[in-house]
Amino acid sequence: MTDTTTSSEAASPAGTGQPLVVLSAVNKYFGTLHVLQDINLSIKRGEVVVVIGPSGSGKSTLCRAINRLEPINSGSITLDGKPLPAEGKALAQLRADVGMVFQSFNLFQHKTVLDNVTLGPIKVRKQPKKDSEDKAMALLERVGVANQASKYPAQLSGGQQQRVAIARALAMDPKVMLFDEPTSALDPEMIKEVLDVMTDLAKSGMTMVVVTHEMGFARSAANRVVFMAEGQIVEEREPAEFFTDPRSERAKDFLSKILKH
C-alpha cells in the first residue's frame, strides 16, 4: 500500500520540521463581522494541530482559509513556502495538495464509493485508472470500508461515508489534511470509528489541522491545541498543559463547561 507521507515527513518527529503552513496577520470579515483577527499560526510537517473553541469563534473559517475556500481580506497564508494562489489551475493544484474533510461528507451521490475515491487522482493528478483503483482499494481497506466499494453513498452509514471522504482526500497524496468538524453530523456510535481512522492517520506522520469538539481526540492525538474565541487565538499549548492548566480565563470557562458533559 502506498503510504500517504513522504519519507522525510515520516522520519520527522512531529513539530520538528520546517513550517508547512504559515498564516501571518490574517484577517477575514463577513460584512462588518471580524471573524479572523490578526491570526498568526505556523504548522510544521507531521504536526497535528487541533483547533477548539466556542461556536462562532472562527475555527471553521480558519480551516477553510488554508485551502482558500474562504478568501482572506488581509495578511498572508503560505503552503510549503508558496503563497496561496487566487484562482485558476494553480488554485486547483493547491486544493489537490490540501486534503479537506467536511462535516457533511460532500461525496458525489451518483458515483460509487470507488469512483468517488478515484475521481481526483484520474482527473487532477492524471493517474492511470488501474493505478488509481488499486490505490483507492488500499485506502478504503485502510479506513475499513473496502467491502463497500461498489455501493453508492446513500447506502452507507454516516460514519462509513465520512471514512470514504477521508480515503478520497488521502488518494490525492495531500501535503496537509484539514478536518472541519468531521464528526459533528454523526450519531454518537459512529464518532469513534471516524476518530480511530484520524488517530491512525496522525500516528502515520500526516500533517493535520482538525477543528473539533471532541476533547478526547484533542488530548490524545494533538501535538498542539489552538484555542480560539471571538476570532482570535487566545492560547496554543501542548494538550496536557492546556487541559490541566489553561492560562486564560476564557479557556478556563470554556473547559469548565465542555468537560462536564
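Residues numbered from 1 in each chain as written. Predicted model: local features only at pLDDT ≥ 70, side-chain atom pairs only at ≥ 80, totals over all residues. Heavy atoms only, no water.

Things to note about the overall build of the protein chain
So, step 1. Scanning the protein chain for helices and strands turns up ten helices and ten strands.
So, step 2. C-alpha atoms of the protein chain, sized along the principal axes, occupy 55 × 40 × 40 Å.
So, step 3. Considering only residue pairs separated by 6 or more positions, the protein chain has 69% of its internal contacts joining residues 24 or more positions apart.
So, step 4. Across the protein chain, the centroid of the 31 positively charged side chains sits 4 Å from that of the 30 negatively charged ones. (Helix = DSSP H or I, 4+ residues; strand = E, 2+ residues; numbered from the N terminus. Contact = heavy atoms within 4.5 Å. Lys, Arg positive; Asp, Glu negative; His and termini not counted. Charge placed at Lys NZ, Arg CZ, Asp CG, Glu CD.)

Considerations on the sheet that holds strand β2 (residues 33-44)
So, step 1. Ordered in space as β2-β1-β4-β5, the four strands form an open sheet in which the pairing is antiparallel. Of all strands in the sheet, those bounded by a partner on one side alone are β2 and β5 (82-83).
So, step 2. The pairing of strand β1 (residues 19-30) with β2 spans eight bridges and is antiparallel. Note that in β2 the partner of Leu23 across the bridge is Leu41. (Pairing = 2+ DSSP bridges.)

Details of the nonpolar core
So, step 1. Ranked by internal contacts, the top residues of the largest apolar core, which has 51 residues, are Ile52, Leu140, Ile166, Met177, Phe179, Met198 and Met208.
So, step 2. Looking at this core, the element that brings in the most residues is helix α7 (residues 188-203), giving eight residues.
So, step 3. Filtering out sequence-adjacent residues up to four positions away, Met198 remains in contact with Ile166, Phe179, Pro182, Met208, Val210 and Phe217.
So, step 4. Counting residues in each nonpolar core, the second largest holds 28 residues, with Val26, Cys63, Ile77 and Val176 among its members. (Core = buried A, V, L, I, M, F, W, Y, C linked by side-chain atoms within 4.5 Å. Buried < 20%, exposed > 50% of the residue type's maximum accessible area, 1.4 Å probe, protein only.)

What to know about the packing of helix α4 (residues 113-123) against helix α5 (residues 129-142)
Geometry of a packed helix pair, given as the angle between the helix axes and the separation of the axes.
So, step 1. For the pair α4 and α5, interaxial distance at closest approach is 9 Å and the crossing angle is 125°. As summarised for this structure, α4 and α5 are arranged oblique, according to the angle between their axes. In the crossing of α4 with α5, the sense of the turn from one axis to the other is right-handed. Where α4 approaches α5, its residues Val113, Leu114, Val117, Thr118, Pro121 and Ile122 are matched on the opposing element by Lys129, Ser132, Glu133, Ala136, Met137 and Leu140.
So, step 2. Classifying every residue of the contact of α4 with α5 by side-chain character gives eight nonpolar, two polar and two charged. (Axes fitted to C-alpha atoms, helices over the stretch in contact; angles between N-to-C directions. Parallel < 35°, antiparallel > 145°, perpendicular 65-115°, else oblique. Left-handed = near helix turned anticlockwise from the far one by under 90°. Nonpolar A, V, L, I, M, F, W, Y, C, P; charged D, E, K, R; others polar.)

Notes on the UniProt feature "domain: ABC transporter" (unreviewed entry) in the protein chain
So, step 1. In this structure's numbering, the residues bearing the UniProt feature "domain: ABC transporter" (unreviewed entry) are residues 21-255.
So, step 2. Within residues 21-255, the helical portion is 39% and the strand portion 26%, while the C-alpha atoms at the span's ends are 27 Å from each other. (UniProt positions renumbered as here; feature names shortened; annotations may be inferred.)

Quick notes on α5
So, step 1. Taking 1.5 Å as the rise per residue, α5 with 14 residues should run 20 Å; its terminal C-alpha atoms sit 20 Å apart, in good agreement.
So, step 2. Within the sequence span of α5, burial applies to Ser132, Lys135, Ala136, Leu139 and Leu140. Along the axis of α5, the buried residues cluster in a sector spanning 140°; they form a single face. For α5, the exposed residues lying more than 90 degrees away from the buried face are Lys130 and Glu141.
So, step 3. Those residues of α5 that are buried are in contact with α4 and α6 (158-170). (Expected span 1.5 Å × (residues − 1). Arc of directions from axis to C-beta.)

A few points about the packing of α4 against α6
So, step 1. Between α4 and α6, the least distance of the axes is 8 Å, while the angle of their chain directions is 25°. It follows that α4 is roughly parallel to α6 by the angle criterion. By crossing handedness, the relation of α4 to α6 is classed as right-handed. The segment α4 lies against α6, with Val113, Asn116 and Val117 engaging Val164, Ala167 and Arg168.

Here's the deal with the layout of surface pockets
So, step 1. Put simply, the largest pocket is a space of about 480 Å³.
So, step 2. Residue lining of the largest pocket: 22 residues in total, with Arg95, Gly120, Arg168, Ala169 and Met172 positioned closest to the centre.
So, step 3. Mapped onto the lining of the largest pocket, the elements with two or more residues apiece are α3 (88-97), β6 (98-101), α4 and α6.
So, step 4. With five residues, the top contributor of residues to the lining of the largest pocket is α4.
So, step 5. Here the residues of the lining of the largest pocket are counted per class, giving 15 nonpolar, five polar and two charged. (1 Å grid on protein atoms, 1.4 Å probe; cavity = no way out; pocket = protein on both sides within 12 Å on 5 of 7 lines; lining within 4 Å. Points joined across faces, edges and corners; volume = space filled by probe spheres on them.)

Regarding the environment of Ile258
So, step 1. Along the chain, the position of Ile258 falls in helix α10 (residues 249-258).
So, step 2. Residue class for Ile258 comes out partly exposed when judged on its relative accessible area of 21%.
So, step 3. Sequence-distant contacts of Ile258, that is, excluding residues within four places in its chain, are made with His213 and Met215.

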